[in-house]
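Spelled out, the chains give:
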Amino acid sequence: MINKLIAAFVGIAFTGLAFSHADAGMKVRMGTEGAYPPFNNVDADGKLVGFDVDIGNAICEAAKFECTWVIQDWDGIIPGLLAKKFDTILASMSITAERKEKVDFSDMYYSTPAKFFAKKGAGITITKSGLKGKTIGVQRATIHENFARDNFGDVADIKSYATQDEVYLDLASGRLDTGIADSVAVDEGFIQTDAGKGFELIGPGFNDPKWFGDGAGIAVRKGEDKLRTAINAAIKKILADGTYKKINAKYFDFDVYGK
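What counts as what
- Residues numbered from 1 in each chain as written.
- Predicted model: local features only at pLDDT ≥ 70, side-chain atom pairs only at ≥ 80, totals over all residues.
- Heavy atoms only, no water.
- Helix = DSSP H or I, 4+ residues; strand = E, 2+ residues; numbered from the N terminus.
- Rg over C-alpha atoms; globule rule 2.2 N^0.38 Å.
- Buried < 20%, exposed > 50% of the residue type's maximum accessible area, 1.4 Å probe, protein only.
- Areas by Shrake-Rupley, 256 points an atom, 1.4 Å probe, with all protein chains shown as cover.
- Lys, Arg positive; Asp, Glu negative; His and termini not counted.
- Charge placed at Lys NZ, Arg CZ, Asp CG, Glu CD.
- Phe/Tyr/Trp six-rings, centres within 6.5 Å; stacked < 30°, edge-to-face > 60°.
- Disulfide = S-S within 2.5 Å.
- Salt bridge = Lys/Arg side-chain N within 4 Å of Asp/Glu carboxyl O.

**Observations regarding the overall build of the chain**
Broken down by element type, the chain carries 10 helices and 14 strands. What you see for the chain is a C-alpha radius of gyration of 18 Å, in line with the 18 Å of a compact globule of 259 residues. Judged by the C-alpha coordinates and their principal axes, the chain covers about 55 × 35 × 35 Å. The burial tally for the chain puts 53% of its 259 residues in the buried class. With an accessible surface of roughly 11,700 Å², the chain has 51% of that area assigned to carbon and sulfur atoms. Charge-centre separation for the chain: the mean point of 32 positive side chains lies 1 Å from the mean point of 35 negative side chains.

**Concerning the packing of aromatic side chains**
Throughout the structure, instances matching the rule amount to 22 aromatic pairs. Note on Phe51 and Tyr110: the rings are 5.8 Å apart at their centroids and 85° apart in plane angle, and the pair reads as edge-to-face. Note that Phe51 is positioned in helix 1 (residues 51-63) and Tyr110 in the loop between strand 8 (103-105) and strand 9 (114-119), a separation of 59 residues in sequence. The structure contains a cluster of three or more aromatic residues connected by ring pairs, namely Tyr36, Phe39, Phe51, Tyr109, Tyr110, Tyr244, Tyr251, Phe252, Phe254 and Tyr257.

**Regarding the state of the cysteines**
Under the defined criterion, the tally for this structure stands at one disulfide. Across the disulfide from Cys60 sits Cys67; the S-S distance is 1.8 Å. Because the sign of the S-S torsion sets the handedness, a value of about -90° for the bond joining Cys60 and Cys67 places this disulfide among the left-handed ones.

**Topic: the pattern of salt bridges**
Under the definition given, this model contains 14 salt bridges. Note that Asp194 and Lys197 form a salt bridge whose closest N and O atoms lie 3.4 Å from each other. Given the relative accessible area of 64%, Asp194 is considered exposed. You can call Lys197 exposed: its relative accessible area is 60%. Across the salt bridge formed by Asp225 and Arg228, the nearest N and O atoms sit 3.4 Å from each other. Residue Asp225 and its partner Arg228 are located together in helix 9 (residues 225-240), separated by three residues, close to a single helical turn. A relative accessible area of 25% places Arg228 in the partly exposed class.

**Points about the environment of Ile191**
Checked against the element boundaries, Ile191 lands in helix 7 (residues 183-191). Given the relative accessible area of 17%, Ile191 is considered buried. On a C-alpha basis, the gap between Ile191 and Ala118 in space is 9.8 Å, while along the polypeptide they are 73 residues apart.

So, in structure tokens, the structure goes:
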């Protein structure tokens, strides 16, 4: 299974515009989960693909980094960064106050709301009374787990899983009543697939910064200001020159960057 891949390296060397504050040819190991389609996953040929990956590659090209991708299970991804297994986390990680106590973040590179999802016709309402006695699936160590436990943990059974795919599997098998995750990841990575037929997003979107932070950013170790500044400059460049828009259109029919 994808989440059992401890580390996979895909070397990617780029040339492009260098920024004055970044060393040309800086070697950067980009950490990601590889199990969160359409943002990052490993395809049938064993290739790391997805929106996060394409954005990361574009950042590397713009900043003239020499980049290598490293796959790491989600619940070990911040420890992996701190242990210097890789130099960044580019894995749809939301910028939250809790995480900022451990790592620094780049500027936001996209922002989408969280939503619940369930079998069509389940009749579940996203309220305490509507979720009372229900079993809610979440990926472990995520903003979605924190939100579900804080808001519904007193009335519902919250089950956590190592990967989002495992949430989908237990929902499809009837062991869960509902789940919550990034709305785009659920729609593109589950509902629009054969496995997700008969399921739908339900209820409102959630984006309260208290739980969901300020969009997805790229994490670096504290004090790595040179790297973070170069990444921010690269994000600005790909937004300005149309590169981001082109990547966005490859995956989505709306602006995933958000406001």
